[in-house]
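Survey of secondary and tertiary structure
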Amino acid sequence: MKDTPFFVGYLSPPRPLKLFLAVASVALVVMFGVVSWVIGTTQADPGPGSFRFDYGRQTVTGLIEADPYPMLHITEGTERLPAGRTVLMSGGGKIGVDDRARPLSGHMAVVSGVVLERGDLEMIQARGGTRGVGPTMGELPEVPFEDLGRWKLAGEICDGKCVAGAMSPGRGLAHRACANLCLIGGVPPVFVSSAPVAGSEFLLIGGPDGGPLAPELLEFTALYISVEGAVQRRGDLLVFLIDPATIEVL
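What you see is a predicted model; the values in this text were computed from it and never measured. (Residues numbered from 1 in each chain as written. Predicted model: local features only at pLDDT ≥ 70, side-chain atom pairs only at ≥ 80, totals over all residues. Heavy atoms only, no water.)

This part takes up the side chain of threonine 246. Along the chain, the position of threonine 246 falls in the loop between β12 (237-242) and β13 (248-249). On the basis of relative accessible area, threonine 246 is assigned to the buried category, the value being 16%. There is a polar contact of 2.9 Å between the side chain of threonine 246 and the backbone nitrogen of glutamate 228. Setting aside its immediate chain neighbours within four residues, threonine 246 contacts Arg150, Ser226, Val227 and Glu228. (Helix = DSSP H or I, 4+ residues; strand = E, 2+ residues; numbered from the N terminus. Buried < 20%, exposed > 50% of the residue type's maximum accessible area, 1.4 Å probe, protein only. Polar contact = N/O pair within 3.5 Å; in protein donor to acceptor, adjacent residues only side chain to side chain. Contact = heavy atoms within 4.5 Å.)

Here it is as structure tokens:
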């Protein structure tokens, strides 16, 4: 059998095996490339979303509403964030601005920071301290409110910052740990609906009492679920007050 090619680890491979190894290695690399391409093309497009540093720092004035999570109803805006717009608020990194926004709830404030944007979901990442969120004087606006009734929706609980553009795609099981860290830190949660609700697929989430989510609901982050709850329009932002007892993992 001395003429039969045989691999020995500490010897140079025989010529026929060298050819086989070269072909197999090239085929393996090509296969990985094809499989990666196929997986990539079958994924849903997360859509455009990012930090909009190209907008420059935005400084706007408006009415702060702290529940279920901080939002700003803009009264004096910019070209990018005009008056009448309602935007979510967060701090730098994986933290919210509840400690700065809640004392100003129901009052006018100046908010300064960078915009995150994905579709019709907008968030402003406020600068640190009172430079980012501070009190100001001004007449309190009348914020439009509409009760849209009770809905049953299918979709995913995400952290509003990453899904707005801090990460791409910022959703799905691969993002679950990151999303939960953001939510624990106070970043507003957002429900990404599988179908538009009153013209929007992004809804700020709150508990059934109108307050923040209960900590035990973090176990449903990044899972595809169905859930029922009241939908409200506050300004031009939809708020989904979910009923935890109705959650089903699909």
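Continuing now.
A separate point is the pattern of salt bridges. Counted according to the given criterion, the structure contains 10 salt bridges. Two residues, aspartate 67 and arginine 102, come together in a salt bridge whose shortest N-O distance is 3.1 Å. Of this pair, aspartate 67 sits in the loop between β2 (58-65) and β3 (71-76) while arginine 102 is found in the loop between α2 (98-101) and β5 (108-118), placing the two residues 35 residues apart along the sequence. According to the relative accessible area criterion, aspartate 67 is partly exposed, its value standing at 34%. Residue arginine 102 is classed as partly exposed on the basis of its relative accessible area of 32%. As a salt-bridge pair, arginine 102 and aspartate 98 come within 3.1 Å of each other at their nearest N and O atoms. Via salt bridges that share partners, Arg52, Asp54 and Glu117 belong to a single interconnected network. (Salt bridge = Lys/Arg side-chain N within 4 Å of Asp/Glu carboxyl O.)

A word on the nonpolar core. Ranked by size, the top nonpolar core spans 33 residues in total, and within it Leu88, Phe191 and Phe240 carry the most contacts. Taken together, the elements giving at least two residues each to this core come down to β6 (121-126), β8 (145-159), α4 (160-166), β9 (189-197), β10 (200-206), β11 (224-234) and β12. No other element matches the 6 residues that β12 contributes to this core. By size, the runner-up hydrophobic cluster in this structure holds 17 residues, among which are Val60, Ile64, Leu104 and Ala109. (Core = buried A, V, L, I, M, F, W, Y, C linked by side-chain atoms within 4.5 Å.)

Moving on, we come to a nonpolar patch on the surface. Residues Val26, Val30, Val34, Trp37 and Val38 make up a contiguous nonpolar surface patch of about 490 Å² in total accessible area. With respect to the helices and strands, the residue valine 38 is situated in helix α1 (residues 15-42). Residue class for valine 38 comes out partly exposed when judged on its relative accessible area of 40%. (Patch = residues over 30% accessible without salt bridge, like charges linked within 9 Å, V, L, I, M, F, W, Y side chains within 5 Å. Areas by Shrake-Rupley, 256 points an atom, 1.4 Å probe, with all protein chains shown as cover.)

In this section: the packing of aromatic side chains. Applying the stated criterion to the full structure yields 1 aromatic pair. When the centroid spacing of 5.5 Å and the interplanar angle of 70 degrees are considered together, the rings of phenylalanine 191 and phenylalanine 240 count as edge-to-face. Remark: phenylalanine 240 occurs in strand β12 and phenylalanine 191 occurs in strand β9; sequence separation between them is 49 residues. As far as burial versus exposure is concerned, phenylalanine 191 and phenylalanine 240 are alike and both buried. (Phe/Tyr/Trp six-rings, centres within 6.5 Å; stacked < 30°, edge-to-face > 60°.)

Turning next to unusual backbone geometry. The peptide bond linking aspartate 67 to proline 68 adopts the cis configuration, its omega dihedral lying at 0 degrees. With respect to the element layout, proline 68 can be found in the loop between β2 and β3.

Another point: the pairing of β9. In the sheet, β8 pairs with β9 via 5 bridges, with the strands oriented antiparallel. When the sheet's bridge partners are listed, isoleucine 157 is paired in β9 with phenylalanine 191. As judged from the 4 bridges shared by β9 and β10, these two strands associate in the antiparallel manner. Along β10, the bridge assignment pairs phenylalanine 191 with leucine 203. If you look at the hairpin formed by β9 and β10, you'll find 2 residues sitting between the two strands, and alanine 198 has a positive phi there, around 50 degrees. (Pairing = 2+ DSSP bridges.)

With that out of the way, let us pick up helix α5 (residues 176-184). Since one α-helical turn is 3.6 residues long, residues separated by three or four positions face the same way. Where α5 is concerned, the buried positions are Cys178, Ala179, Asn180, Cys182 and Leu183. Of the surrounding secondary structure, the elements contacted by the buried residues of α5 are β8, α4 and β9. Directly after α5, the chain includes glycine 186, whose backbone phi takes a positive value near 105 degrees.

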